[in-house]
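Chain by chain, the residues:
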Amino acid sequence: MAEYFGFINDPTAWVALATLVVMEIVLGIDNLIFISILTNKLPPEKQQFARRLGIGAALVLRLGLLFTISIIVQLTEPVFTAFDIAFSWKDLILIAGGLFLVWKATKEIHHTVDVEDDKGNMVGNTVQLTVGSAIVQILVLDLVFSVDSIITAVGMTDHIAIMFIAVITAVTVMLVAAEPLSRFIAKNPTIVMLALSFLLMIGMTLIAEGFHFHVPKGYIYAAMGFSAAVEALNMFARRRKTRVKTTSLH
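Remember, predicted model here, so these are calculated numbers, not experimental data. (Residues numbered from 1 in each chain as written. Predicted model: local features only at pLDDT ≥ 70, side-chain atom pairs only at ≥ 80, totals over all residues. Heavy atoms only, no water.)

(A) Here's a closer look at the pattern of salt bridges. Per the counting criterion, the structure on display carries two salt bridges. Between Glu179 and Arg51 there is a salt bridge, with its nearest N and O atoms 3.1 Å apart. Placement of the pair is Glu179 in helix 6 (residues 160-187) and Arg51 in helix 2 (residues 44-66), with a sequence separation of 128 residues. Under the relative-accessibility criterion, Glu179 is labelled buried at 17%. The class of Arg51 is buried, set by a relative accessible area of 4%. (Salt bridge = Lys/Arg side-chain N within 4 Å of Asp/Glu carboxyl O. Helix = DSSP H or I, 4+ residues; strand = E, 2+ residues; numbered from the N terminus. Buried < 20%, exposed > 50% of the residue type's maximum accessible area, 1.4 Å probe, protein only.)

Now the structure itself:
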């Protein structure tokens with residue numbers, strides 16, 4: 001046991017732990033947005049169960065992958081070459097996950113924009129998604145984000161205990177933030193389109209990463225932050241106008 005917690009007296013290990021916790025939380029945001037949007041399409045009495053099950057599955061997957069670090073590290077080794085690009089299993093997983101995310105986000109954007117197609121509209125009254133279907137889709141993205149998350153952890157530290165602590169902390173934050181985020185999305189339908197555009201961008205980024213076109217994460221999150229800030233201003237402006245109209249009527 002002492003060999004796993006030998007980092008306690010190492011200041012650099014604590015810095016690595018803090019950095020990794022932040023990175024794992026940031027990487028978990030993508031997954032959390034997807035889970036929140038998807039579970040909001042379920043009947044209200046099943047949403048919390050599906051969210052907790054989805055996040056719990058993410059934790060199990062990530063901890064399970066940590067026990068197979070030697071295999072996970074090998075996922076970065078090339079398995080075949082095409083178009084002068086050496087593809088590894090990690091690349092193929094990222095490409096598959098990115099394609100799934102692009103397909104899912106595009107489909108939901110279509111349902112949201114097309115008011116006549118109410119069958120899959122996540123802000124409409126008709127609910128078509130089943131708990132089983134939601135869980136399967138969440139598990140697919142959990143796997144993609146989990147592999148990316150664990151490979152990031154392996155690249156940052158050699159201490160297995162630090163990896164476990166960071167992953168558990170990040171998933172705990174996801175569990176705490178899931179309910180407020182889902183309620184916020186449900187109460188502000190315009191946020192849905194913004195969140196779907198985030199997922200579309202993240203999907204394209206995963207595909208690019210799979211083809212070895214590295215996109216700095218800072219650019220992605222800066223764009224997301226700027227877009228969120230603009231939407232926050234729009235929401236504030238709409239509420240001000242509503243409040244003024246209400247006051248003038250009285």
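(B) Region of the structure containing the packing of helix 4 (residues 89-113) against helix 7 (residues 189-210). Between helix 4 and helix 7, the shortest axis-to-axis distance is 7 Å and the interhelical angle comes to 155°. One way to sum up the angle between helix 4 and helix 7 is to call them roughly antiparallel. At the point where helix 4 passes helix 7, the crossing takes the left-handed sense. Of the residues belonging to the contact of helix 4 with helix 7, the class tally is 17 nonpolar, six polar and three charged. (Axes fitted to C-alpha atoms, helices over the stretch in contact; angles between N-to-C directions. Parallel < 35°, antiparallel > 145°, perpendicular 65-115°, else oblique. Left-handed = near helix turned anticlockwise from the far one by under 90°. Nonpolar A, V, L, I, M, F, W, Y, C, P; charged D, E, K, R; others polar.)

(C) Region of the structure containing empty space enclosed by the protein. For the structure shown, the criterion picks out one cavity of 30 Å³ or more. Taken as a whole, the largest cavity holds about 40 Å³ of empty space. Around the largest cavity sit Phe34, Ile37, Leu38, Lys104, Ala105, Glu108, Leu196 and Leu199, which together line it. Counting only elements with at least two residues in the lining of the largest cavity, the list comes to helix 1 (11-39), helix 4 and helix 7. (1 Å grid on protein atoms, 1.4 Å probe; cavity = no way out; pocket = protein on both sides within 12 Å on 5 of 7 lines; lining within 4 Å. Points joined across faces, edges and corners; volume = space filled by probe spheres on them.)

(D) Molecular detail of helix 6. Between its terminal C-alpha atoms helix 6 stretches 41 Å, which fits the 40 Å expected from 28 residues at 1.5 Å a residue. Maximal helix bending in helix 6 amounts to about 40°, located at Ala177; proline Pro180 follows within four positions. (Expected span 1.5 Å × (residues − 1). Bend = angle between axes of the 7 residues up to and from the residue.)

(E) Fine view of the nonpolar core. Residues Phe34, Leu101 and Leu199 are the most contacted members of the largest nonpolar core, which totals 47 residues. Here this core gets 10 residues from one element, more than from any other, and that element is helix 5 (residues 131-156). Within the second largest apolar cluster, five residues are counted, among which are Leu17, Leu20, Ile162 and Ala166. (Core = buried A, V, L, I, M, F, W, Y, C linked by side-chain atoms within 4.5 Å.)

(F) Up close: the environment of Ile191. Looking at the element boundaries, Ile191 is found in helix 7. For the pair Ile191 and Glu231, spaced 40 residues apart in the sequence, the C-alpha separation amounts to 7.7 Å. Filtering out sequence-adjacent residues up to four positions away, Ile191 remains in contact with Phe184, Ile185, Glu231 and Met235. (Contact = heavy atoms within 4.5 Å.)

(G) Local environment of the packing of aromatic side chains. All chains considered together, the criterion is met by four aromatic pairs. Relative to Trp103, the ring of Phe100 has its centre 5.9 Å away and its plane inclined at 40°; by these criteria the two rings are tilted. Here Trp103 and Phe100 lie together in helix 4, a separation of three residues that amounts to about one turn. Through a chain of ring-to-ring contacts, three or more aromatic side chains come together here, namely Phe34, Phe100 and Trp103. (Phe/Tyr/Trp six-rings, centres within 6.5 Å; stacked < 30°, edge-to-face > 60°.)

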